[in-house]
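# Analysis of the macromolecular model
Residues per chain are reported as follows:
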Amino acid sequence: LEGVAEAGWSETRVIAGETQGAASMAASLESGELVTLTAVASIAKSLGALRVSSAVFERCRELGPDRVTSFVASDEAALRACFRLASEHRLLV
């Protein structure tokens, strides 16, 4: 979010992507308060957070759903997307 602001992209929409089993931001935005997961139950264990930072969560709430949207995908869909990105664009994530 800071990088978007520093670049002057004030109208840019941000999609917060997470995988099922690691969707602490999605759960927090849905409930309107910080949610702590009991565990990261996703293949993306190194990317998951049991709880998002309060500063990022509050900034997402300030920006609102028109600017920050949560997106949750299955592990399978995330892996397919990574393979497709690598295959079609020669980029690894």
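Treat the numbers as computed from the prediction; the structure is a model and nothing was measured.

### Some remarks on the overall build of the protein
Along the protein, the regular secondary structure elements total 4 helices and 2 strands. The order of α-helices and β-strands along the protein, N terminus first, is α-β-α-α-β-α. Dimensions of the protein, computed from C-alpha atoms along their principal axes, come out at roughly 35 × 35 × 20 Å. Burial analysis of the protein (93 residues in total) assigns 24% to the buried set. Excluding contacts between residues fewer than 6 apart, the proportion of contacts in the protein whose partners are at least 24 apart in sequence is 58%. In the form shown here, the protein has an accessible surface area of approximately 6,600 Å², with 56% of it arising from carbon and sulfur atoms.

### Comments concerning the environment of T19
Relative to the elements of secondary structure, T19 occurs in strand β1 (residues 14-19). Once the C-alpha coordinates of T19 and A55 are considered, the two residues, 36 residues apart in sequence, prove to be 21 Å apart. Apart from residues no more than four positions distant in its own chain, T19 is found in contact with S42, A44, V72, A73, S74, D75 and A78. Among the polar contacts listed, one links the side chain of T19 to the side chain of S42, at a separation of 2.6 Å.

### Some points on the pattern of salt bridges
As enumerated under the stated definition, the model contains 3 salt bridges in all. Linking E62 and R59 is a salt bridge whose minimum nitrogen-to-oxygen distance equals 3.2 Å. With E62 and R59 both in helix α3 (residues 54-63) and 3 residues apart, this pair spans about one turn of that helix. Close ionic contact of R80 with E76 constitutes a salt bridge, the shortest N to O distance being 2.8 Å. You can see R80 and its partner E76 sitting in helix α4 (residues 75-89), 4 residues apart, about one turn around the helix. Looking at R80, the relative accessible area reads 48%, which means it is partly exposed.

### Quick look at the confidence of the model for the protein
On average, the protein scores 94 in pLDDT, and the residues at 70 or more come to 100%. Mean pLDDT in the protein bottoms out at helix α1 (residues 2-6), which sits at 92, and peaks at helix α2 (residues 24-31), which reaches 97.

### A word on the nonpolar core
In this structure, A16, M25, V52, F57, C60, L63 and V68 together form the largest nonpolar core, which totals 7 residues. It is α3 that provides the largest number of residues to this core, a total of 3 residues. Setting aside chain neighbours within four positions, we find A16 in contact with M25, T69, S70 and F71.

Criteria and cut-off values
- Residues numbered from 1 in each chain as written.
- Predicted model: local features only at pLDDT ≥ 70, side-chain atom pairs only at ≥ 80, totals over all residues.
- Heavy atoms only, no water.
- Helix = DSSP H or I, 4+ residues; strand = E, 2+ residues; numbered from the N terminus.
- Buried < 20%, exposed > 50% of the residue type's maximum accessible area, 1.4 Å probe, protein only.
- Contact = heavy atoms within 4.5 Å.
- Areas by Shrake-Rupley, 256 points an atom, 1.4 Å probe, with all protein chains shown as cover.
- Polar contact = N/O pair within 3.5 Å; in protein donor to acceptor, adjacent residues only side chain to side chain.
- Salt bridge = Lys/Arg side-chain N within 4 Å of Asp/Glu carboxyl O.
- pLDDT = per-residue confidence, 0-100.
- Core = buried A, V, L, I, M, F, W, Y, C linked by side-chain atoms within 4.5 Å.

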